[in-house]
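The lines below spell out each chain.
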Amino acid sequence: MKKLAILVSGRGSNFEAIARNIREGRLEAEIVAVVSNSPTAKALETAESLGLRAISLPSKGIETDTYAAMVVEALAPLQVDLICLAGFMRRVGAPLLEAYAQRILNIHPSLLPSFPGLHVQQQALDYGVKFSGCTVHFVDAGLDTGPIVMQAAVPVEDGDTADTLAARILVEEHKIFSQAIALVLSGAYRVDGRRIIRKD
Ligand code: GRF
């Protein structure tokens, strides 16, 4: 069974969706650790209640690369195949990128390369786009710049607020993150430049 580590910072609904998809047989994998950089993250409580290994590893005041090395050390004994950033609100430092090259996925609530960074649902509304969505991508050293594995689009409605748009996007996040994880774990893709192309 392939082993996942999930990195979180807060609510953890994407983590819960992954756990549910595993439980209900839609994703063949095992979550071996849920690591939070915020000690008060709800996701840590959820992980414990699901009987999963919950690791609180506070990042406050710690420099990005130092923190990345701490995560590498915490995960070292667990033989992790793939790291999933599920609402992880810190940059990923070089030690982690090197230890897990092409083995870290992130979910981002916009159609990249539009609207990287933070508060992206508000950015999408302010720009006036008619569609937004979510992106699962490999993590590289840039901000939300790695090769795209999967995307899903949703319409922006005239009456939307950042919250209503976020909720519509989240429904799709909960689907495509697990689908992208399954694809990457299966190895049934090839990389052509920035393009991730499924093998038949
Ligand atoms: C999601 O919108 C995700 O795309 C973004 O942060 C949010 C995390 O939500 N990176 P949750 O913690 O998974 O509920």
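Every value quoted in this text rests on a predicted model; they were computed, and no experiment measured them.

Cut-offs used in this document
Residues numbered from 1 in each chain as written. Predicted model: local features only at pLDDT ≥ 70, side-chain atom pairs only at ≥ 80, totals over all residues. Heavy atoms only, no water. Pairing = 2+ DSSP bridges. Helix = DSSP H or I, 4+ residues; strand = E, 2+ residues; numbered from the N terminus. Axes fitted to C-alpha atoms, helices over the stretch in contact; angles between N-to-C directions. Contact = heavy atoms within 4.5 Å. Salt bridge = Lys/Arg side-chain N within 4 Å of Asp/Glu carboxyl O. Buried < 20%, exposed > 50% of the residue type's maximum accessible area, 1.4 Å probe, protein only.

Notes on the sheet that holds strand E1 (residues 3-8)
Link 1 in the chain: Judged by pairing direction, the sheet is mixed, and its seven strands sit side by side in the order E3-E2-E1-E4-E5-E6-E7 without closing on themselves. If you trace the sheet from one side to the other, it starts and ends with strand E3 (54-56) and strand E7 (148-155), each paired once. Across the sheet, the mean angle separating the axes of adjacent strands is 20° when strand polarity is ignored.
Link 2 in the chain: Inspection of the sheet shows strand E6 (residues 131-138) paired to E7 by seven bridges, in the antiparallel sense. By the bridge assignment, Val-136 is partnered in E7 with Met-150.
Link 3 in the chain: Those strands touched by helix H3 (residues 64-75) are E1, strand E2 (30-36) and strand E4 (82-85), and its axis lies near 145° from that of E2.
Link 4 in the chain: The sheet strands contacting helix H6 (residues 162-186) are E1, E4, strand E5 (104-108), E6 and E7, and the helix crosses E7 at an angle near 155°.

Re the pattern of salt bridges
Link 1 in the chain: Scanning the model with the defined rule gives four salt bridges in all.
Link 2 in the chain: Across the salt bridge formed by Glu-16 and Lys-42, the nearest N and O atoms sit 3.7 Å from each other. Of the two residues, Glu-16 is situated in helix H1 (residues 13-23) and Lys-42 in helix H2 (residues 42-49); the sequence distance between them amounts to 26 residues.
Link 3 in the chain: What makes Lys-42 partly exposed here is its relative accessible area of 45%.
Link 4 in the chain: Between Lys-175 and Glu-172 there is a salt bridge; the shortest N-O distance is 3.5 Å. One end of the pair, Lys-175, and the other, Glu-172, are both in helix H6, three residues apart, so they sit about a helical turn from each other.
Link 5 in the chain: Residue Lys-175 is classed as partly exposed on the basis of its relative accessible area of 43%.

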